[in-house]
Amino acid sequence: MKLIEYAGAEALMTGLADRLGQELTEAVEAQGRASFAVPGGSTPGPMFDAIAQRALPWDQITVMLTDERRVPQDSERSNTRLLRERLLVGQAASAHYAPIVPEVDGADLTGLIDAHLPLSVLLLGMGEDMHTASLFPGSPDLPHALAAAAPLMYVEASDGLEPRVTLTGPALQSAQSIHILIKGEGKRAALDRAAGQSPETAPIQTVLPHATVHWAP
Ligand SMILES: O=C1O[C@H](COP(=O)(O)O)[C@@H](O)[C@H](O)[C@H]1O
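Residues numbered from 1 in each chain as written. Predicted model: local features only at pLDDT ≥ 70, side-chain atom pairs only at ≥ 80, totals over all residues. Heavy atoms only, no water.

The protein is annotated in an unreviewed UniProt entry as 6-phosphogluconolactonase of Harenicola maris. UniProt annotates the protein under Pathway (unreviewed entry) with the comment "Carbohydrate degradation; pentose phosphate pathway; D-ribulose 5-phosphate from D-glucose 6-phosphate (oxidative stage): step 2/3." Its UniProt record, at the heading Sequence similarities (unreviewed entry), says of the protein: "Belongs to the glucosamine/galactosamine-6-phosphate isomerase family. 6-phosphogluconolactonase subfamily." (UniProt positions renumbered as here; feature names shortened; annotations may be inferred.)

Right, here's the structure in full:
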């Protein structure tokens, strides 16, 4: 794992947007196209605002979520809504979008994103419980989701949270570049706590050894 510490939130979000923008541009130059998976939740919005205004080769980039909550798309809890409102706008409005949830909730996930794997650039978030994407400690689906051959799976989250669709462990691990965005002392403590644990108790460990973590207080 590599850890990059930033002085504050603005430096974190713009510095990360610079880095991801550079990697996406390089991937398009090398492969003619790139795939870019991003988290939902409360943290990445300002980074989306920053990168959406960059002049990247967006029309050769396919954007998708790392995970989605099974809620209506107009819900404030919808990661798709966040993506549409904060990332697929401005310069990035010309990016392609690959949904990870089918039009009919509960329908087969097979083949939805296969054309875009391995991911060129993967950005993940992390909760203070050390979950990443929707790989939650304590979920009955976690052992399967950490090892599944399929890149997408329906999973239960932690108690009290809505069920999810998530990229599985192998799909995350196969990304060409892996970044994790975390902010605040609670998540920094969770990152420290994850050290030495297994992915079964600290799911972030499924990607941590190969990831660059970007953190600001
Ligand atoms: O539920 C989720 O949580 C994680 C972390 O979210 P945050 O609100 O603590 O930033 C997020 O990465 C994931 O995409 C989301 O579905």
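There is more to say, and it comes next.
Asker: Which residues make up helix H6 (residues 185–194), and what values go with them?
Answerer: Restricting attention to buried positions, one finds in H6 the residues Lys-187, Arg-188, Ala-190, Leu-191 and Ala-194. Buried residues of H6 fall within an arc of 160° about the axis and therefore sit on the same side. Where H6 is buried, its residues meet strand E1 (2–5), strand E9 (178–183) and strand E10 (212–216). Positive phi appears at Gly-196, one or two residues downstream of H6, with a value of about 85°. (Buried < 20%, exposed > 50% of the residue type's maximum accessible area, 1.4 Å probe, protein only. Helix = DSSP H or I, 4+ residues; strand = E, 2+ residues; numbered from the N terminus. Arc of directions from axis to C-beta. Contact = heavy atoms within 4.5 Å.)

Asker: Can you lay out the site of the ligand for me, pointing to particular residues and giving the numbers?
Answerer: Surveying the vicinity of the ligand reveals 13 residues, the closest of which are Ser-42, Thr-43, Asp-67, Arg-69 and Lys-187. Take Arg-164: an N or O atom from its side chain is 3.0 Å from an oxygen atom of the ligand. In the complex, the protein chains occlude 90% of the 390 Å² of accessible area that the ligand would expose alone. (Near = heavy atom within 4 Å. Polar contact = N/O pair within 3.5 Å; in protein donor to acceptor, adjacent residues only side chain to side chain. Areas by Shrake-Rupley, 256 points an atom, 1.4 Å probe, with all protein chains shown as cover.)

Asker: Explain the side chain of Thr-66 to me, using residue names and the numbers behind them.
Answerer: You can see Thr-66 is positioned in the loop between strand E3 (61–65) and strand E4 (67–69). We classify Thr-66 as buried; its relative accessible area is 0%. If we ignore the near neighbours within four places in the chain, the residues touching Thr-66 are Ala-37, Val-38, Pro-39, Ile-100, Leu-122, Leu-123, Leu-124, Ala-133, Thr-166 and Leu-167.

Asker: Lay out the pairing of strand E2 (residues 34–38) in plain terms, naming residues and giving numbers.
Answerer: One face of the sheet, then the other: side chains in a regular strand alternate in exactly this way. Counted residue by residue, E2 has five buried out of five residues, so it is predominantly covered. The alternating pattern of E2 places Ala-34, Phe-36 and Val-38 on one face and Ser-35 and Ala-37 on the opposite face, and all of these are buried. Note that E2 and E3 share five bridges and pair parallel. Across the sheet, residue Ser-35 finds its bridge partner in E3, namely Thr-62. (Pairing = 2+ DSSP bridges.)

Asker: Give me the lowdown on helix H1 (residues 9–31), citing residues and values where you can.
Answerer: For H1, with 23 residues, the first-to-last C-alpha span of 32 Å sits near the 33 Å given by 1.5 Å per residue. Restricting attention to buried positions, one finds in H1 the residues Leu-12, Met-13, Gly-15, Leu-16, Ala-17, Leu-20, Gly-21, Glu-23, Leu-24, Ala-27 and Val-28. Elements in contact with the buried residues of H1: E2, helix H2 (45–51), E3, strand E6 (121–124), E9 and E10. Two residues or fewer after H1 comes Gly-32, characterised by a positive phi angle close to 80°. (Expected span 1.5 Å × (residues − 1).)

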